[in-house]
Amino acid sequence: MRIKVITSNEGKMREYGQALGVLGIEVFQGDVPYDEVQADTLEEVVEKGMEELKQKEDSFIIDDSGLFIDRFHGFPGVYSAYALKTLGNEGVLKLMAGERRRSARFECCIGCKLAGQEPFLVSAGCQGEILEEARGAGGFGFDPIFSADGGRSFAELGLEEKNSISHRGRAIAKLAERLAEETGP
Ligand code: ITT
């Protein structure tokens, strides 16, 4: 099986390649522009994106993700891309300076549409915390400032290790189960 992941994010693409590759599912990147509408939840963003894309594409995956910081009532959440662009990891660390309550979670919602079938969504999260300082050169986005266990940051984990615990890795595992059901043995 070969499936198109519609994303502009190379980091996400690598994670799909690893997690689905080991299951024998090949992925390739599709660069199809679509409106990422502003909405209250990742699921709504993905649903709206699917509505638009299914007019043009037969078979594809999209992924909307975000970092939800408890101290800020879930901000940046659905505004994560904007927050990363404007504040950056250093800006988030400054906002969190001196804060003892550092809990946060990543969430990932995947929308999948296969040819001739109804689209479906799967979601998963990963609980963790915002570190005191950025660490590591791997991963992408907020990875250097997030740790699932207070130890190594996501940017200090290899691709496979991040996928084994991350929001996206868990959502991809759910996706793989659905793909196995939908496509049969
Ligand atoms: P798309 O083209 O797939 O939409 P994007 O980079 O805009 O790519 P999102 O809107 O889903 O992706 O992501 C919101 C922000 O959260 C964005 O800046 C990402 O870099 C960041 N992000 C998403 N998943 C992440 C992860 O696993 N680790 C670190 N940062 C992540």
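The structure displayed is predicted, hence computed values, not measured ones.

How each quantity is defined
Residues numbered from 1 in each chain as written. Predicted model: local features only at pLDDT ≥ 70, side-chain atom pairs only at ≥ 80, totals over all residues. Heavy atoms only, no water. Helix = DSSP H or I, 4+ residues; strand = E, 2+ residues; numbered from the N terminus. Buried < 20%, exposed > 50% of the residue type's maximum accessible area, 1.4 Å probe, protein only. Contact = heavy atoms within 4.5 Å. Near = heavy atom within 4 Å. Polar contact = N/O pair within 3.5 Å; in protein donor to acceptor, adjacent residues only side chain to side chain. Areas by Shrake-Rupley, 256 points an atom, 1.4 Å probe, with all protein chains shown as cover. Nonpolar A, V, L, I, M, F, W, Y, C, P; charged D, E, K, R; others polar. Core = buried A, V, L, I, M, F, W, Y, C linked by side-chain atoms within 4.5 Å.

Caption draft 1: Expanded view of the environment of Leu157. Assignment of secondary structure puts Leu157 in the loop between strand E6 (146–147) and helix H5 (159–165). On the accessibility criterion, Leu157 (12% relative accessible area) is buried. Each C-alpha atom, one on Leu157 and one on Pro144, is 9.9 Å from the other, the two residues being 13 residues apart in sequence. With residues up to four places along the chain from it excluded, the contact list for Leu157 reads Arg152, Lys162 and Ile165.

Caption draft 2: Just the site of the ligand, in detail. Residues in close proximity to the ligand total 19 residues, the closest being Thr7, Ser8, Lys12, Glu36 and Asp143. Measuring from an oxygen atom of the ligand, one finds a side-chain N or O atom of Glu36 at 2.5 Å. Residue Asp64 places a side-chain N or O atom 3.3 Å away from an oxygen atom belonging to the ligand. About the coverage of the ligand: the protein hides 90% of its 610 Å² of free accessible area. Elements supplying a minimum of two residues to the shell around the ligand: strand E3 (60–69), helix H3 (80–86) and helix H6 (167–183). Residues belonging to the shell around the ligand are distributed by class as follows: five nonpolar, seven polar and seven charged.

Caption draft 3: Just the nonpolar core, in detail. Residues Tyr16, Leu20, Ile61, Ile110, Cys112 and Leu175 are the most contacted members of the largest nonpolar core, which totals 20 residues. If you list the elements that add at least two residues to this core, you get strand E1 (2–6), helix H1 (10–21), strand E4 (103–113), strand E5 (120–130) and H6. When residues no more than four places from it in sequence are discounted, the contact partners of Tyr16 are Val5, Gly21, Val27, Ile61, Asp63, Ile110, Arg168 and Ile172. Within the second largest apolar cluster, 14 residues are counted, among which are Ile69, Val92, Ala104 and Phe146.

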